[in-house]
Amino acid sequence: MNAPVYVAGVGVISAIGNNTAECLHALENGQAGIGEITYLNTIHRSAIPVAEVKLNNEELAAKAKLSTLLSRTALLSSVAATEALLNAAIPELSRWRTGFISANTAGGMDKSETFFPAFLSDRYKGKLRDIINHECGSVTELVADQLGIKNYITTISTACSSSANAIFFGARLIRHNMLDVVVAGGTDALAKFTLNGFNTLMILDHQYCKPFDENRKGLNLGEGAGYMVLISDRVAATLKANPYCRLSGYCNANDAYHQTASSPDGTGSMMAMQGALNKSGLLPSDIDYINLHGTGTQNNDQSEGTAIMNLFGPYYPKMSSTKSFTGHTLGACGGVEAVFSVLAIKHGIIYPTLRLDTPIKDFPFVAETIFQKNVAVNNVLTNSFGFGGNCTSLILSKK
Amino acid sequence: MYIRATGNISPQRTFGHPAFLNEALEYKGNRLHCAEPDYRQVIDVKYIRRMSRIIKMGVAAALECLQEAVLVNPGAIITGTAYGCLEDTGIFIKKLVENNEEMLTPTAFIQSTHNTIGAQIALILSCNHYNNTFVHKGFSFETALLDAMLLLKENEAENVLIGAADEITDYSHDILSRFGLYKANLSSNLDLYNDHSKGTIAGEGASFFVLSNQSSQTDYAVLDAMTTFYKPQDTATIKEYIKEFLKANETTPEEIDLVIDGRSGDEKGDRVYKELSADIFFSNATQISYKHLCGEYPTATSFALWAAANILKHKSIPSVFLNQSDTGKHTRKILIYNHYLQVHHSLYLLSAC
Amino acid sequence: MDKLMADLKEQIIAQLNLQDIKPEDIGDDQPLFVGGLGLDSIDGLELIVLMQQQYKIKLSNAEDGPKVFRSVRTMAAYITAHHAQAV
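I will try to describe carefully the structure that is included in this document.

The rules behind each value
- Residues numbered from 1 in each chain as written.
- Chains lettered and ligands numbered in written order.
- Predicted model: local features only at pLDDT ≥ 70, side-chain atom pairs only at ≥ 80, totals over all residues.
- Helix = DSSP H or I, 4+ residues; strand = E, 2+ residues; numbered from the N terminus.
- Contact = placed C-beta atoms within 7 Å.
- Axes fitted to C-alpha atoms, helices over the stretch in contact; angles between N-to-C directions.
- Parallel < 35°, antiparallel > 145°, perpendicular 65-115°, else oblique.
- Nonpolar A, V, L, I, M, F, W, Y, C, P; charged D, E, K, R; others polar.
- Left-handed = near helix turned anticlockwise from the far one by under 90°.
- Core = buried A, V, L, I, M, F, W, Y, C linked by C-beta atoms within 7 Å.
- Buried ≥ 20, exposed ≤ 12 C-beta atoms within 10 Å, placed from the backbone.
- Pairing = 2+ DSSP bridges.
- Arc of directions from axis to C-beta.

Bringing the environment of Lys 323 of chain A into the picture now. Residue and element names in this part refer to chain A. Within the secondary structure layout, Lys 323 lies in helix H11 (residues 323-326). Linking Lys 323 and Gly 281, residues 42 residues apart in sequence, is a C-alpha distance of 28 Å. Non-local contacts of Lys 323, meaning those with residues more than four positions away in its chain, are made with Cys 209, Pro 211, Gly 294, Thr 295, Gly 296 and His 328.

What follows covers the packing of helix H4 (residues 109-121) of chain A against helix H3 (residues 86-98) of chain B. Geometrically, a packed helix pair is captured by the angle between its two axes and the distance between the axes. Where H4 of chain A meets H3 of chain B, the axes come as close as 10 Å, and the angle between the chain directions of the two elements is 75°. What the angle tells us is that H4 of chain A and H3 of chain B run roughly perpendicular. Of the residues in H3 of chain B, those touching H4 of chain A at Glu 113, Phe 116, Pro 117 and Leu 120 of chain A are Ile 93, Lys 94 and Val 97 of chain B. Taken together, the residues of the contact of H4 of chain A with H3 of chain B sort by class into five nonpolar, no polar and two charged.

Residue and element names in this part refer to chain B. Between helix H8 (residues 235-248) and helix H9 (residues 267-278), the shortest axis-to-axis distance is 10 Å and the interhelical angle comes to 60°. Between H8 and H9, the angle is such that the two are oblique. Once H8 is placed against H9, the crossing between them reads as right-handed. Contacts from Thr 235, Ile 238 and Lys 239 of H8 reach H9 at Val 272, Glu 275 and Leu 276.

Membership of the largest hydrophobic core comes to 263 residues, with the highest contact counts inside it found for Val 7, Met 228, Leu 230 and Val 342 of chain A together with Ala 308 of chain B. At ten residues, helix H2 (residues 53-69) of chain B tops the list of elements feeding residues into this core. Those residues in contact with Leu 230 of chain A that lie beyond four places of it in its chain are Val 5, Tyr 6, Val 7, Gly 170, Ala 171, Ile 174, Val 182, Ala 184 and Leu 247 of chain A.

Moving on to the pairing of strand E4 (residues 159-166) of chain B. Residue and element names in this part refer to chain B. Of all eight residues in E4, eight are buried; the element is thus mostly enclosed. Here E4 shows no split at all, with Asn 159, Leu 161, Gly 163 and Ala 165 on one side and Val 160, Ile 162, Ala 164 and Asp 166 on the other all buried. As paired strands, strand E2 (residues 76-80) and E4 are joined by five bridges and run parallel to one another. Among the inter-strand pairings, Thr 79 is bridged to a residue of E4, identified as Gly 163.

For the rest of this paragraph, the subject is the interface of chain A and chain B. On the chain B side, the residues contacting the 47 residues of chain A number 46 residues. Residue assignment for the side of chain A that touches chain B shows that the elements contributing at least two residues are H4, helix H5 (136-147), strand E4 (152-156), helix H6 (162-175), helix H7 (192-200), strand E8 (245-254) and helix H9 (267-280) of chain A. In terms of residues, the side of chain A that touches chain B owes the most to one element, H7 of chain A, which gives five residues.

Residue and element names in this part refer to chain A. Turning to helix H2 (residues 57-64), its buried residues are Leu 60, Ala 61 and Ala 64. Projection of H2 onto a plane perpendicular to its axis shows the buried side chains occupying an angular sector of 100°, all on one side. When the buried face of H2 is taken as reference, the exposed residues oriented beyond 90 degrees from it are Glu 58 and Ala 62. On its buried side, H2 packs onto helix H3 (72-88). Of the residues one or two after H2, Lys 65 is the one with positive phi, at around 60°.

Glancing now at the pairing of strand E9 (residues 333-340) of chain B. Residues and elements named next belong to chain B. Counting buried residues along E9, eight of its eight residues qualify, which places the element largely inside the surrounding structure. A two-sided burial pattern is seen for E9, the buried positions comprising Lys 333, Leu 335, Tyr 337 and His 339 on one face and Ile 334, Ile 336, Asn 338 and Tyr 340 on the other. Bridge count between strand E7 (residues 258-261) and E9: four bridges; the pairing is parallel. In the strand pairing of E9, Val 259 is matched with Leu 335. Across eight bridges, E9 lies against strand E10 (residues 344-351) in antiparallel orientation. Residue Tyr 340 lies in a different strand from E10, and its bridge partner there is His 344. Remark: three residues form the turn of the hairpin made by E9 and E10, two consecutive strands paired antiparallel; Leu 341 in that turn has positive phi of roughly 50°.

Set out below in structure tokens:
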């Protein structure tokens, strides 16, 4: 059960690009995808900045080759998962036992919320086609069916750690020799439900977010999807190209402190990171880069930073929050940021944290603010910490 | 793997470990409702005030299960729920529509996230261990169970708390009814299998288990294996899956004493169960169904697993299980076969301890 | 102010679903958060909604919460001051 699990392909769509190449370009050129709401019909339109994927539903559906009647969550998922599979270029995929382990929090809520006004006025009203794919699992199956994956399909929903959990669950299925290939990751699309929900928690920044900045005021919601194709070594032997890297470590731990707030000393975060290191057999000093959860809320950055201070001190790896580019993509963030982490290893690059002007006073480290090339990036730790104290860390390592 | 303990809130009297299904609660119409305890006796008041019904159901069933296992800090907490927290979702959406996005309350939003049950259990227990929630329709419970079994195989945990919960709300029942899922006129859930019309009855419930890789004196049963398969083409394919499953677990059809099937009263959906039972394949086994007791819902197999575990523990099959063809055999090996809306199929194999 | 405080206690109990607590159990000056009634950050957000719904007063800065909601009396004082301004 310790057989290596490789990453053979990646796919991503976010506010900063509709595919991997576009996202990389934006990351290198400091181009954030945050701006005014354009797609949702909401009273918060000019007040709350978000990071939307820059395609409306018609454009997205055409790209995904799916119906415009389907949830945006499914459309995003399809685009990224398809890119990942194509990128993996596995010869004779049909000979392998293949799984689709996806995650989301919104499900088909963007469509469900168009159903409800009519339904609430009259229980016989509202178009059934808008509610039929409400469930998180329905979104997954729409894409699994499109990709022709049947051997194992499931959906995880643990708030912001969802797709990170999906990735390592997929890896474990390979290690237990249940599957040979797993497309794993997650997706989430913006919806009024989510936007208003987060607004009631008063953790949204009404300006562009400033993760790991002393004067940070909150997060910006984003949307997107990120998937990786995980494979066993038997499959790896059949590939033309080398895999990107290995998934060498992972861990999920629970903060068990409060429903939405993280503990001040980041107990859950620390356990997740330590657990991932233990699994990978690495020491803190082996980590070259941390892709922070770094949402930009007072609470998360304080908690995550404290955990890092306690675990890594006194030698800190480079670290940054790419949520300063993509916003917080909720259920997708684990997948999106794992993809960015894989690319960091592949290209030897370090991403900056945008708009970081004043580092947090309490911490003896500063997140990176400049894009760097030609860096030896062998081991990357990526964090995803969600509501309900659900903390997950993944470690990706050069082969 | 051993089923060490259970906790179950269902439309039958199952909470509080009463006598095992010595009578069946009868329901008219197409909607069952859980027989719920006074939650204040089970859950600390300071946690209850925010909990909607499904969270109370899940937490109460989990706490009862842990109490039976004498376990305060399980090695993992894994839940499965297809619909999540519907009531809170409904409340938040309703307010959103009625108030036009103003003056919305955070509690309903927070509680609507799918992993709330698992998270609340962890909070109450101060449990920092692995915590996951699966939300995949008719596989939600099965994937949660698979995750638990894998953790035990990996020795990442010795005891795992694993369960499922799904609820019916007025909104969800109206919506699912519009999809034609339910029978229009059913006089009694106990007549479910005699009614040959389209549709089934709506159920709900919360069932939790402690699964362990160490045996103990008080185990219910051995969980030998579980598997799932998706959209099989026809009954012949299903039969192959069942054969392979048994073979992989060194079991022959003749060794199965009891088959628990997922008959739901829906004419079309039940055909496969009838075809399989007519087949010589299961002629050796007593066959029972369970959905007249708990109704049909995506995680109903958690009720079936609870029933199977109890049948092995109590060494008898209560007479409330209708549709019986009773061979009078002593039950030592049970096969559960279920499908949800003919899409999500699962098989479980259990043995007596 | 007494009537306002009495109303507030009922509204708080309803908004926060504080079962088993009666209005007379909440002291006028009893701390609502730390120690005292033991409310948490989510309750604070609910109280912000309560202020808006019942008294049309918007607390735009969540950080003011701990001050304003320190006790029923401080809540009542805040409402009285801002209500007058709004009118």
